[in-house]
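Coordinates in review
Spelled out, the chains give:
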Amino acid sequence: MRDVTMRFGGLVALDSVSFSIRRGEILGLIGPNGAGKTTCFNAMTGVYRPSDGQVVFDGEPLGKLKRNQITRRGIARTFQNIRLFSEMTALENVVVGTDARHRTSVPGATFRTPRHRREEHDAIERAMALLEFVGVGARATEKARNLPYGDQRRLEIARALATEPKLLCLDEPAAGFNPAEKAALMDLIRKIRADGYTVLLIEHDMRLVMGVTDRIVVLEFGKKIAEGQPAEIRENPAVIAAYLGVPDDATA
Ligand SMILES: Nc1ncnc2c1ncn2[C@@H]1O[C@H](COP(=O)(O)OP(=O)(O)OP(=O)(O)O)[C@@H](O)[C@H]1O
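Read on for an overview of the structure. (Residues numbered from 1 in each chain as written. Predicted model: local features only at pLDDT ≥ 70, side-chain atom pairs only at ≥ 80, totals over all residues. Heavy atoms only, no water.)

Observations concerning the packing of aromatic side chains
Quick reminder of the rule: A pair of Phe, Tyr and Trp rings is counted when the ring centres sit within 6.5 Å of each other, with Trp represented by its six-membered ring. The angle between the planes then sorts it: under 30 degrees is stacked, over 60 is edge-to-face, the rest tilted. Numbering of helices and strands runs from the N terminus; a helix is a DSSP stretch of H or I covering at least four residues, while a strand is a stretch of E covering at least two. Each residue is assigned to one of three classes by its accessible area relative to the maximum for its type, calculated with a 1.4 Å probe on protein chains only: buried under 20%, partly exposed between the two thresholds, exposed over 50%. Two thresholds decide whether a charge sits over a ring: the Lys NZ or Arg CZ must be within 6 Å of the ring centre and within 35 degrees of the ring normal.
This model, assessed by the stated rule, comprises two aromatic pairs. Taking 6.1 Å as the distance between ring centres and 85 degrees as the angle between the ring planes, the aromatic pair formed by Y149 and F177 counts as edge-to-face. Taken together, the positions of Y149 in helix 6 (residues 149–161) and F177 in the loop between strand 8 (167–171) and helix 7 (179–194) put the pair 28 residues apart, joining distant regions of the chain. Judged by relative accessible area, which is 37%, Y149 ranks as partly exposed. Taking the relative accessible area as the measure of exposure, F177 reaches 8% and is therefore buried. Above the plane of the ring of F79 lies R83, whose end atom (NZ or CZ) is 3.8 Å from the centre. Over the face of the ring belonging to F133 we find K191, whose NZ or CZ atom lies 4.6 Å from the ring centre.

Structure (structure tokens):
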């Protein structure tokens, strides 16, 4: 993000925010409610166009690219509120994600050419592997809406990974999780990084953020107030002040 400003009418949701994500790292994006974290995701994934400044990915400005074009460039995200196709099976939800990568033309799909059938077969295999990777392989044939809440969150991650992103953006993936689920999620995020992905993580749970990230960017009222390694951020007076009086569980 280079000097990204995002205005909504009179409200400045992001005020000249700049930060970089390094290949292969887990970067945490934190800040009190309304600080502008989700707006960063939206600016990075083409939901909003910055009022000012630029988002540059892999050396190229995202400019006026549409959301699906940005997905093809390699940025995927999950949402604060789960957005799955609830009537589809877990497997189908992930196969839909792999479609972003399909190269077959519409006629190829309509007439079920051998190439299309091969791609379909590969997509299902890959989707199954992803379900197993995130730990919901046993529920592949169940409708998404029938999955327990935690598994739905994992399914969302599998679907995002299906687009083969270079950068995976997770928006509060641990929302509503108990401590055991949070610990398991930390393991999964580390596993995702070990697999070669780069991860940007919005998360309110400080223990999780501090435990899993390599670096952290802190926003407050749309401005970047700090950036550094978890240990530095924890000691940073501006960060402490921003969070003062806001107990952990009040922000979850
Ligand atoms: N589409 C929009 N129209 C108007 N205001 C918006 C819009 N999107 C975000 N905002 C405002 O921008 C500010 C930043 O919101 P944002 O959702 O990015 O914060 P956040 O840091 O993600 O907060 P939270 O932790 O509560 O999710 C808020 O004041 C919000 O009301």
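Details of the nonpolar core
Note the cut-off: Definition used in this section: a nonpolar core is a set of buried Ala, Val, Leu, Ile, Met, Phe, Trp, Tyr and Cys residues joined via side-chain atoms within 4.5 Å. Here a residue-residue contact requires only that any non-hydrogen atoms of the pair lie within 4.5 Å.
Counting 37 residues, the largest nonpolar core has L131, I157, L161, I189 and I192 as its most contacted members. For this core, the secondary structure elements donating two or more residues are helix 3 (90–99), helix 5 (114–134), helix 6, strand 8, helix 7, strand 9 (198–202) and helix 8 (206–212). Here this core gets six residues from one element, more than from any other, and that element is helix 5. With sequence-adjacent residues up to four places away left out, L131 is seen in contact with A90, L91, V94, V136, G137, A140, L155 and A158. The next biggest cluster of nonpolar side chains, apart from the first, holds 24 residues, and it includes F19, L29, A35 and I70.

Brief notes about the sheet that holds strand 10 (residues 215–220)
This is how it is decided: In this analysis, strands are considered paired if DSSP registers two or more bridges between them. Between N-to-C directions, angles cover 0 to 180 degrees, with each direction set by a line fitted to C-alpha atoms, over the stretch in contact for helices.
The strand order across the open sheet formed by six strands is 7-8-9-3-10-11, and the pairing between neighbours is mixed. The two strands at the open ends of the sheet, each matched to only one other strand, are strand 7 (75–77) and strand 11 (223–228). The sheet shows a mean angle of 20 degrees between the axes of neighbouring strands, taken without regard to direction. For strand 10 and strand 11, the ladder comprises five bridges, and the chain directions are antiparallel. Residue pairing for strand 11: L219 is matched across the bridge by K224. Contacting strand 3 (26–30), strand 7, strand 8, strand 9 and strand 10, helix 1 (residues 37–44) crosses the sheet at an angle of about 145 degrees to strand 8. Sitting on the sheet, helix 6 is in contact with strand 7 and strand 8, with an inclination near 155 degrees to strand 8.

Considering unusual backbone geometry
Although it is not a glycine, D3 adopts a positive phi angle of roughly 50 degrees. Mapping D3 onto the fold places it in strand 1 (residues 2–8). For D3, a relative accessible area of 44% gives the class partly exposed.

Re the pattern of salt bridges
Oppositely charged side chains may form a pair once their charged atoms are brought near each other. Applicable threshold: Any Lys or Arg side-chain nitrogen located within 4 Å of an Asp or Glu carboxyl oxygen qualifies as a salt bridge.
If you walk through the whole model with that rule in mind, you get 18 salt bridges. Between D52 and R7 there is a salt bridge, and its shortest N-O distance comes to 3.2 Å. Linking D52 in strand 4 (residues 52–54) with R7 in strand 1, this pair joins segments that are 45 residues apart in sequence. We classify D52 as partly exposed; its relative accessible area is 40%. Judged by its relative accessible area of 41%, R7 is partly exposed. D187 is the salt-bridge partner of R190, the closest N and O atoms lying 3.4 Å from each other. Taken together, the residues span about one helical turn, with R190 and D187 both in helix 7 at a distance of three residues. For D187, a relative accessible area of 47% puts it in the partly exposed group. Residues participating in the shared-partner salt-bridge network are E25, R215, K224 and E227.

Function cannot be inferred from these measures alone, as they are strictly geometric.
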